[in-house]
Amino acid sequence: MSAGVELIKVSKRFGNNTIVDGIDLDAAAGEFIVLVGASGCGKSTTLRMIAGLEAVSEGRILIGGRDVTVVRPDQRDIAMVFQNYALYPHMSVAENMSFALTLTRTPKDEIARRVGEAARILGIENLLDRKPKALSGGQRQRVAMGRAIVREPSVFLFDEPLSNLDAKLRAQMRVELALLHRRLGKTTIYVTHDQVEAMTLAERIVILDRGVIQQTGTPTEVFNRPRNLFVAGFIGSPAMNLFRGTLAASDTVELPGAGARIRLPQAVNAAAGKPVMLGIRPQGLLLGGADAPLRMQVKVAEFLGTETVLNGVLKGSGEALTASVSGEHGGLAEHEIDLSINPAHVHVFDADTGLNLIGTQSKRDST
Amino acid sequence: MNERSLLAVRYLALTALAILCVGPILVMILTSFKTQAQTFTTGLTFFFVPTLENYRDVIFDSSFGRYLVNSLIVGIVATLLTLLLGCMAAYGLARFSFAGRRAVAYATLMLRTVPLAVIAVPVFMIWSDWRLTNSLGGLILLYVAVNLPFTIWLLYGFVLQVPVELEEAAAIDGCRPWKVFLRIILPLIRPGLAAAAIFTFRIAWNEFILALVLTDRSTRTLPVAASLFVTDIGVEWGKLMALASLIALPPLVFTFLAARQVISGLTAGAVKG
Ligand SMILES: Nc1ncnc2c1ncn2[C@@H]1O[C@H](COP(=O)(O)OP(=O)(O)O)[C@@H](O)[C@H]1O
Ligand SMILES: [Mg+2]
């Protein structure tokens, strides 16, 4: 069984500080939602309110259509995996996994069946008698997931579950998490500060900044149509290039420092002369080309195997510039090069409000 | 000074310290096997015909059983009560925020620095007033009161080491606050409980001055009973030392058992994941 999760205008205040500010979220049953944002933006607080570990200051929380705003954590039909795993140190792996079931007086053979099955799914059958301290980080991670699975909840909550693992193990566990979700089909709300994790795992991403949702959408949507400057800068790696400019015509931005005029992929509904921020993904920059409007002073060239990331500045304005070009171009360090632009990767934002001027998607996303 | 002589000095100092500690105990045990006459004729030598007469006299004395039971009741009940109140108070101090929490935490530790002898007179007056003298309950109350501050302080540190996430995980797993305390906190602070138990039991078992003041013929504890061998006509050294040796045994055994809990807890890498 899986159940949707709905947050209606949920806020959280600690004293006078509003940490979470009027969040609306509607996760369909079985959906994998990732809450992403910088450290301290209120992700954990939001998740803890859904879990019932933190009281809600304002708003309502529904799980499976039932209002659980003031319901105790164990009555919400959720399971949570903590960042530090929070395994009970005095219990064996099997006891850790079965603790919730023993509390509800589940029959012994039923407990054994569920623990056995979860252990098999996670490949930890040979660890059941061990104590948590005798496990590696990755094994603890699996046990923590096993403890959640055994309860057969309607909703899984994860708070940065992979952040204590090394890079290689993290990538591996990410894949396993995706497979696990496909297999169990449970609604999952997953918190992370890592946008790569968010992009790879999420069916829908919720981007938070200072307790306010900046955008909700599929990974493709938030990457291709960032609603504002924050999302544009947060999603995508390397981060999007942003240059100060003015709107010369409804479909052209002028970069005064660099003396360049850049064509937009489509006309925007704003008056000429308006101050804007022009955004270009590093992947949208190409070496050379017939019409190459940007001149870059390359400082460092990082060869990553299939592409080279060039770091430097835009000649004329001195603004930071990053280009990700395919192939081996390590030799370009400390050179000046011309770059042409793939219009699909060009965005333009209102310099005052930060909103995407092309964004027609804002209406769809705000539903 | 070179390293060798430095080492020699260290060993010398340690040996002196060991003699100071073990010496009196040795004298006590040796004397307990001597007749009154031997006590003064044989000096500190090991060469004498040992006698079990002192032990027989002490153990088969008509009152020994009662005093032993008194001591056991006082020691065990005081220890259990101290641990029970101490772990709950420590948990409250560590986990709940309330006005004056810091003040309580510091006052708790400062109370511990007051010597027992200093409070003997006021305690006697108050206990008399409240009709708590000459009862085991009165003595137990006193020992709980004097041991609680240290116990709270000790357990407070242990509770602080338990990550809050463990309690939250337990809450999600279906534990109400009391169950979290019983199933998660208590097992994890077990080394602290054992250390506090050693400490409390030894004070309650050995304490003399206040026990002397607060007990009568029927509520005496063993240390007070031992003092009865010091009489107007002289000291019955053999019996005194025999009883003293017997009194020293239970704390030794108890400490040994409880210390294993402490050590296994410490080597288990405690609580942190
Ligand atoms: N119990 C609390 N009391 C006061 N402030 C808190 C409390 N819990 C969290 N905060 C504050 O709320 C903000 C958001 O915290 P959190 O939700 O943990 O952020 P993150 O997005 O990194 O998970 C932080 O600035 C933190 O200091
Ligand atoms: Mg967090």
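Cut-offs used in this document
- Residues numbered from 1 in each chain as written.
- Chains lettered and ligands numbered in written order.
- Predicted model: local features only at pLDDT ≥ 70, side-chain atom pairs only at ≥ 80, totals over all residues.
- Heavy atoms only, no water.
- Helix = DSSP H or I, 4+ residues; strand = E, 2+ residues; numbered from the N terminus.
- Contact = heavy atoms within 4.5 Å.
- Buried area = accessible area lost by both parts, 1.4 Å probe.
- Salt bridge = Lys/Arg side-chain N within 4 Å of Asp/Glu carboxyl O.
- Pairing = 2+ DSSP bridges.
- Axes fitted to C-alpha atoms, helices over the stretch in contact; angles between N-to-C directions.
- Near = heavy atom within 4 Å.
- Polar contact = N/O pair within 3.5 Å; in protein donor to acceptor, adjacent residues only side chain to side chain.
- Areas by Shrake-Rupley, 256 points an atom, 1.4 Å probe, with all protein chains shown as cover.
- Nonpolar A, V, L, I, M, F, W, Y, C, P; charged D, E, K, R; others polar.

So, the environment of Phe349 of chain A
Within the fold, Phe349 of chain A resides in strand β20 (residues 346-350). Phe349 of chain A sits 135 residues away from Gln214 of chain A along the chain, and the two C-alpha atoms are 14 Å apart.

Some details on the interface of chain A and chain B
The interface of chain A with chain B comprises 24 residues on the first partner and 20 residues on the second. In total, chain A and chain B occlude about 1,900 Å² of area from one another, counting both sides; carbon and sulfur atoms represent 61% of this. Looking at the side of chain A facing chain B, the largest losses of area belong to Tyr88, His90 and Leu103 of chain A, adding up to 25% of the total buried there. For the pair chain A and chain B, the number of links is 2 salt bridges.

Here's the deal with the sheet that holds strand β7 (residues 155-159) of chain A
Backbone-to-backbone hydrogen bonds pair the strands of a sheet. The strands run either parallel or antiparallel. Residues and elements named next belong to chain A. A sheet is described by the order of its strands in space; here 6 strands give the open sequence β6-β7-β8-β3-β9-β10, paired in mixed fashion. Because the sheet does not close on itself, it has two edges, and the strands there are β6 (78-81) and β10 (212-217). Across the sheet, the axes of successive neighbouring strands diverge by a mean angle of 15 degrees, strand direction being ignored. Where strand β3 (residues 32-36) lies against strand β9 (residues 204-209), 4 bridges are found, and the strand directions are parallel. The residue bridging Val34 from the neighbouring strand is Ile205, located in β9. Sheet strands touched by helix α4 (residues 137-150): β6 and β7. Its angle to β6, the strand with the most contacts, is close to 175 degrees.

Notes on the side chain of Thr188 of chain A
Counting through the fold element by element, Thr188 of chain A comes out in strand β8 (residues 187-192). Excluding anything up to four places from it in sequence, Thr188 of chain A contacts Glu31, Phe32, Ile33, Phe156, Phe158 and His181 of chain A.

Focus: the pattern of salt bridges
When their charged atoms lie close together, side chains carrying opposite charge are able to pair. A full pass over the atoms with the stated rule returns 24 salt bridges over all chains. Ionic pairing is found between Glu31 of chain A and Arg204 of chain A, a salt bridge with its closest N-O pair at 2.7 Å. Of this pair, Glu31 of chain A sits in the loop between β2 (17-27) and β3 while Arg204 of chain A sits in strand β9, and the two are 173 residues apart along the sequence. Where Glu236 of chain B meets Lys239 of chain B, a salt bridge forms, and the shortest distance between an N and an O atom there is 3.1 Å. Linked by salt bridges that have partners in common, Glu110, Arg113, Arg114, Glu117 and Glu152 of chain A make up one network.

Examining the site of ligand 1
All names here are of chain A. Around ligand 1 lies a shell formed by Phe14, Ile19, Ala38, Ser39, Gly40, Cys41, Gly42, Lys43, Ser44 and Thr45. At a separation of 2.6 Å, an oxygen atom of ligand 1 approaches a polar backbone atom of Gly40. Take Thr45: an N or O atom from its side chain is 2.5 Å from an oxygen atom of ligand 1. Here ligand 1 loses 56% of its free accessible area of 560 Å² to cover by the protein chains. Sort the elements by how many residues they give to the shell around ligand 1 and helix α1 (residues 43-51) lands first, with 3 residues. Residue composition of the shell around ligand 1, by class: 4 nonpolar, 5 polar and 1 charged.

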